[in-house]
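Observations on the three-dimensional arrangement
Spelled out, the chains give:
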Protein chains: 2
Amino acid sequence: MINYPNKKNDKQSIKDVPGRNGGIAVRSKGMGFEEMINRSNEFYLLNDIAIIHKRPTPIRVVKVNVQKDLFEKRHRITEAYYESRSTTDYNGIYRGRYIDFEAKQTKYNTFNVGSNLHDHQLNHLERVRSQGGIAFLLVDFLKFDRTYLLEIEQISRFLEREKGKSQIPLEYFEENGFLIERKYNPQLDYLKVVETLI
Amino acid sequence: MINYPNKKNDKQSIKDVPGRNGGIAVRSKGMGFEEMINRSNEFYLLNDIAIIHKRPTPIRVVKVNVQKDLFEKRHRITEAYYESRSTTDYNGIYRGRYIDFEAKQTKYNTFNVGSNLHDHQLNHLERVRSQGGIAFLLVDFLKFDRTYLLEIEQISRFLEREKGKSQIPLEYFEENGFLIERKYNPQLDYLKVVETLI
């Protein structure tokens, strides 16, 4: 096996990208939570536990400038727009199983599915489940400093039961979800919960 | 289940994006081949056969302009650059199994792994395989109008055997890979081959 790009490079690619913040601001998501997930995934990857990556933010490119140099061509994008995701933020493989999830943060003691997830994202997670994959939501309750894993079937069950209501209260997460352990490394050990779902 | 975004929209998002061509030009990949794969994936999705999506092209955003309107904020990216992929183009789930692959085109009767795939992409596919996933390459030989599926273990075997040589001849694909059937729908039925690998 050839060397996997080392940690140093990975960190650089996170830090040296001012635009990422732009992208995150659009989705109004806290960087701390996303970084915790990314670092946990890095830990899983480096320890051969799982391969879970964040899908790049979809961007619709409108204009590209090609700058010709003596040695190379440089493509500079001069007009582009963020697009909404048709799938979810994260997917990958753990113990042979396909994993797919979305990560969201809330400032309140409820989580608003309607304003945080598109219908086609919920639909995507439902499809994954019916294909035999493990599909869930990681929701970080900022005020309580607690992160829950809630399987897609529990979300669908809530939405069916409470027709038209899309505010899922923290209690529902406590009763039907799983609290994620915070550790030194991995910081957010969500696969420990996934383990129990397999 | 809520309606999945319909075909019409998907087609729009492919056609209305001039910048995509920019992206593809950078990776010197033919649009026809990519479109065939995307449409096959659409067919698999709409018929509940598999969920396989193309990962968005990673773009490093440097400058964003926020335009405030009466009704909304618009984020316009004014400086950004294409980044190289740390993983592969496609991944998803088929019959409960994790699928991961890269698609490439060659004009010659050989396929140059070295110039078409980064070490960390090969490494990624190797990792997927060792985690129990199905990892492969789809290579389209433009001149012969034939597409082959070659599993990552066959690629690694070739590279190990032929130290330093990264040009895999068509014959190697014929002997160790699988020819993909061309059909009306799905146009490139690669899952028919994957089926035999499970």
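Criteria and cut-off values
Residues numbered from 1 in each chain as written. Chains lettered and ligands numbered in written order. Predicted model: local features only at pLDDT ≥ 70, side-chain atom pairs only at ≥ 80, totals over all residues. Heavy atoms only, no water. Salt bridge = Lys/Arg side-chain N within 4 Å of Asp/Glu carboxyl O. Helix = DSSP H or I, 4+ residues; strand = E, 2+ residues; numbered from the N terminus. Buried < 20%, exposed > 50% of the residue type's maximum accessible area, 1.4 Å probe, protein only. Contact = heavy atoms within 4.5 Å. Buried area = accessible area lost by both parts, 1.4 Å probe. Polar contact = N/O pair within 3.5 Å; in protein donor to acceptor, adjacent residues only side chain to side chain. Nonpolar A, V, L, I, M, F, W, Y, C, P; charged D, E, K, R; others polar. Pairing = 2+ DSSP bridges. Axes fitted to C-alpha atoms, helices over the stretch in contact; angles between N-to-C directions. pLDDT = per-residue confidence, 0-100. Least-squares fit on C-alpha atoms with pLDDT ≥ 70 in both. Arc of directions from axis to C-beta. Core = buried A, V, L, I, M, F, W, Y, C linked by side-chain atoms within 4.5 Å. Phe/Tyr/Trp six-rings, centres within 6.5 Å; stacked < 30°, edge-to-face > 60°.

Moving on: the pattern of salt bridges. Tallying each qualifying case throughout the model produces 34 salt bridges over all chains. One salt bridge connects B:Arg182 with B:Asp140, and the closest N-O pair in it is separated by 3.2 Å. Here the residue B:Arg182 occupies a position in the loop between β10 (178-179) and α8 (190-197), and B:Asp140 occupies one in strand β7 (residues 134-141), the gap between them amounting to 42 residues. Overall, B:Arg182 belongs to the partly exposed group, its relative accessible area being 33%. With a shortest N-O distance of 2.9 Å, B:Arg182 and B:Asp145 are connected by a salt bridge. Of the two residues, B:Arg182 is situated in the loop between β10 and α8 and B:Asp145 in the loop between β7 and β8 (146-151); the sequence distance between them amounts to 37 residues. A single salt-bridge network, built from bridges that share partners, covers A:Lys63, A:Glu79 and B:Arg76.

Facing 52 residues of chain A, the contacting portion of chain B comprises 53 residues. Buried surface at the junction of chain A and chain B, both sides included, amounts to about 5000 Å², of which 62% is carbon and sulfur. At the junction of chain A and chain B, the tally comes to 4 salt bridges. Here B:Arg127 ties to A:Asp48 by a salt bridge, and the two come within 3.5 Å at their closest N and O atoms. The interface formed by chain A and chain B holds 13 residue pairs in polar contact (both at pLDDT 80 or more) in total. Going through the elements one at a time, α2 (18-26), β1 (50-54), β2 (59-68), β3 (73-82), β4 (90-94) and α5 (119-130) of chain A are the ones with two or more residues in the side of chain A that touches chain B. When residues in the side of chain A that touches chain B are grouped by element, the largest group, 9 residues, is from β3(A). For the side of chain A that touches chain B, the per-class residue count stands at 25 nonpolar, 16 polar and 11 charged.

Moving on: the sheet that holds β2(A). If you walk across this open sheet you meet the 4 strands as β2(A)-β3(A)-β3(B)-β2(B), and the pairing is antiparallel. Looking at which strands have only one partner, the edges of the open sheet turn out to be β2 of chain A together with β2 (59-68) of chain B. Recorded for the sheet is a direction-independent mean angle of 20° between the axes of neighbouring strands. Inspection of the sheet shows β2(B) paired to strand β3 (residues 73-82) of chain B by 9 bridges, in the antiparallel sense. Bridge pairing in β3(B) places B:Gln67 opposite B:Arg74.

Looking at chain A as a whole, the pLDDT averages 85, with 84% of positions reaching at least 70. This complex was scored by the predictor with a pTM of 0.81 and an ipTM of 0.79.

Once chain A is rotated about the relating axis by 180° and shifted along it by 0.0 Å, it coincides with chain B to within an RMSD of 0.0 Å. Read as a symmetry element, the transformation amounts to a two-fold axis. By residue overlap, the copies meet face to face through one surface: 100% of the interface positions of chain A are interface positions in chain B.

The subject of this paragraph is α8(B). Those residues of α8(B) that sit buried are B:Tyr190, B:Leu191, B:Val193 and B:Val194. Mapping the buried residues of α8(B) onto a view down its axis gives an arc of 150°, with all of them on the same face.

So, about the nonpolar core. Counting residues in hydrophobic clusters, the biggest one holds 46 residues, and the most contacted among them are A:Ile155, A:Phe173, B:Ile155 and B:Phe173. Apart from residues no more than four positions distant in its own chain, A:Ile155 is found in contact with A:Val113, A:Leu122, A:Leu137, A:Leu150 and A:Ile168.

The full count for this structure, using the stated rule, is 23 aromatic pairs over all chains. Geometrically, the ring pair formed by B:Tyr90 and B:Phe101 is stacked, given 4.9 Å between the ring centres and 10° between the ring planes. Separated by 11 residues along the polypeptide, B:Tyr90 in strand β4 (residues 90-94) and B:Phe101 in strand β5 (residues 97-106) bring together distant segments of the chain. Note on accessibility: B:Tyr90 and B:Phe101 belong to one class, buried. Aromatic pair B:Tyr148 and B:Phe173: ring centres 6.2 Å apart, planes at 55°, arrangement tilted. Highlighted residues: B:Tyr148 in strand β8 and B:Phe173 in helix α7 (residues 170-176), separated in sequence by 25 residues. Here B:Tyr148 falls in the buried class, since its relative accessible area comes to 4%. Joined through ring pairs, the aromatic side chains of A:Phe43, A:Tyr44, A:Tyr90, A:Phe101, A:Phe136 and A:Tyr190 make up one cluster.

Residues and elements named next belong to chain A. Within strand β8 (residues 146-151), 5 of the 6 residues are buried, which leaves the element mostly enclosed by the surrounding structure. Once strand β7 (residues 134-141) ends, the chain turns through 4 residues before running back antiparallel as β8, passing Asp145 with a positive phi of about 55°. Two strands pair when backbone bridges link them, and β8 and strand β10 (residues 178-179) are joined in this way by 2 bridges, in the antiparallel orientation. Each residue of the ladder has a partner; that of Leu149, found in β10, is Phe178.

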